[in-house]
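Architecture at a glance
Letter by letter, the chains look like this.
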Amino acid sequence: MSGGRRKEEPSQPQLANGAPKVSVWSKVLRSDAAWEDKDEFLDVIYWFRQIIAVVLGVIWGVLPLRGFLGIAGFCLINAGVLYLYFSNYLQIDEEEYGGTWELTKEGFMTSFALFMGLTKLLGLASYFQKSSCLSLPVEITGNLDHLLHCHPL
């Protein structure tokens, strides 16, 4: 064992300029946060959009919101909430990240697919829950005609 002094490690990770590195979660919630890394901010927009898709997909799946109004409502809410987040709350310069359109479409198609999948899955689950086709008759006679009336081909 040498009697040399040990170098002390900093308690927090630090950037090259010596400032402590701030976590992404704390930056998301602060309106005055500085986003040095463009990809980090785009990742936040992407995952925020996925969270919105899950929440709206569950709501649209439980409520019977279908068709054009359901899809248009999702698109408007998804794009509107994110636009308000990055333009009004964070007050970033959109041109620095490729413009408003780039930020608005970041991760939109994957969130739309997630929304559609959840809406369809929950809609089918509520359909089968309400349907009497899945209930077994009191007397099982071996006749499956009652299933043909519930699920036409």
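Structure shown above.
Bear in mind that the values here come from a model prediction, so they are computed numbers and not experimental data. (Residues numbered from 1 in each chain as written. Predicted model: local features only at pLDDT ≥ 70, side-chain atom pairs only at ≥ 80, totals over all residues. Heavy atoms only, no water.)

**A few points about the overall build of the chain**
Our working rule: Here a strand is any run of E in DSSP of at least two residues, a helix any run of H or I of at least four, and the numbering for each starts at the N terminus. Remark: exposure states derive from per-residue accessible area (1.4 Å probe, protein chains only) relative to the maximum for the residue type, with buried under 20%, exposed over 50%, and partly exposed in between. For this analysis, residues touch if any pair of their heavy atoms sits within 4.5 Å.
Counting its secondary structure elements, the chain contains six helices and zero strands. For the chain, the N- to C-terminal ordering of α and β elements is α-α-α-α-α-α. Counting over 153 residues, the chain shows a buried share of 28%. Nonlocal contacts in the chain, meaning residues at least 24 apart in sequence, comprise 64% of its contacts between residues at least 6 apart.

**A word on the side chain of S111**
The test is simple: Counting of polar contacts relies on pairs of N or O atoms within 3.5 Å, with two restrictions inside protein: one atom must be capable of donating a hydrogen and the other of accepting it, and residues adjacent in sequence are counted only when both atoms are side-chain atoms.
Its location among the elements puts S111 in helix α5 (residues 108-130). A polar atom in the side chain of S111 sits 3.3 Å from the side chain of N78. Excluding anything up to four places from it in sequence, S111 contacts R49, Q50, A53, F74 and N78.

**Focus on the side chain of S87**
Here S87 shows up in helix α3 (residues 67-89). Of note is the side chain of S87, whose polar atom sits 2.6 Å from the backbone oxygen of Y83.

**Some remarks on the packing of helix α2 (residues 38-62) against α3**
When two helices pack together, their arrangement is given by the angle between the helix axes and by the axis-to-axis distance. Put simply, the test is: Structural elements are reduced to axes, namely lines fitted to C-alpha atoms, with helices fitted over the stretch in contact, and the angle between N-to-C directions of any two is expressed from 0 to 180 degrees. Helix crossings are classified by the rotation of the near helix relative to the far one: an anticlockwise turn of less than a right angle makes the crossing left-handed, while a clockwise turn makes it right-handed. Residues are grouped as follows: Ala, Val, Leu, Ile, Met, Phe, Trp, Tyr, Cys and Pro are nonpolar; Asp, Glu, Lys and Arg are charged; all remaining types, including Gly, are polar.
At their nearest, the axes of α2 and α3 sit 10 Å apart, and the two run at 145 degrees to each other. Along this stretch, α2 crosses α3, giving a crossing that reads as right-handed. Each of F41, V44, I45, F48, R49, I52, A53, L56 and W60 in α2 lies in contact with α3, whose residues at this interface are G70, G73, F74, I77, N78, A79, V81, L82, Y85 and F86. The residue inventory of the contact of α2 with α3, partitioned by class, reads 15 nonpolar, three polar and one charged.

**Quick word on the nonpolar core**
Note the cut-off: Residues enter a nonpolar core if they are buried and are Ala, Val, Leu, Ile, Met, Phe, Trp, Tyr or Cys, with the set joined through side-chain atoms within 4.5 Å.
Of all hydrophobic cores here, the largest spans 21 residues; its most connected members are W35, F41, Y85, I92 and L103. Mapped onto this core, the elements with two or more residues apiece are α2, α3 and α5. Excluding residues within four positions of it along the chain, F41 makes contact with W35, F86, L90, I92, Y97 and L103.

**A closer look at the pattern of salt bridges**
How we decide: Salt bridge criterion: a side-chain nitrogen from Lys or Arg within 4 Å of a carboxyl oxygen from Asp or Glu.
Following the criterion strictly, the structure yields one salt bridge and no others. Among the salt bridges present, the one from E102 reaches K105, with a minimum N-O distance of 3.5 Å. Highlighted residues: E102 and K105, both in helix α4 (residues 100-105), separated by three residues, approximately one helical turn. Take E102: its relative accessible area is 34%, and that puts it in the partly exposed class. Assessed through its relative accessible area of 40%, K105 is described here as partly exposed.

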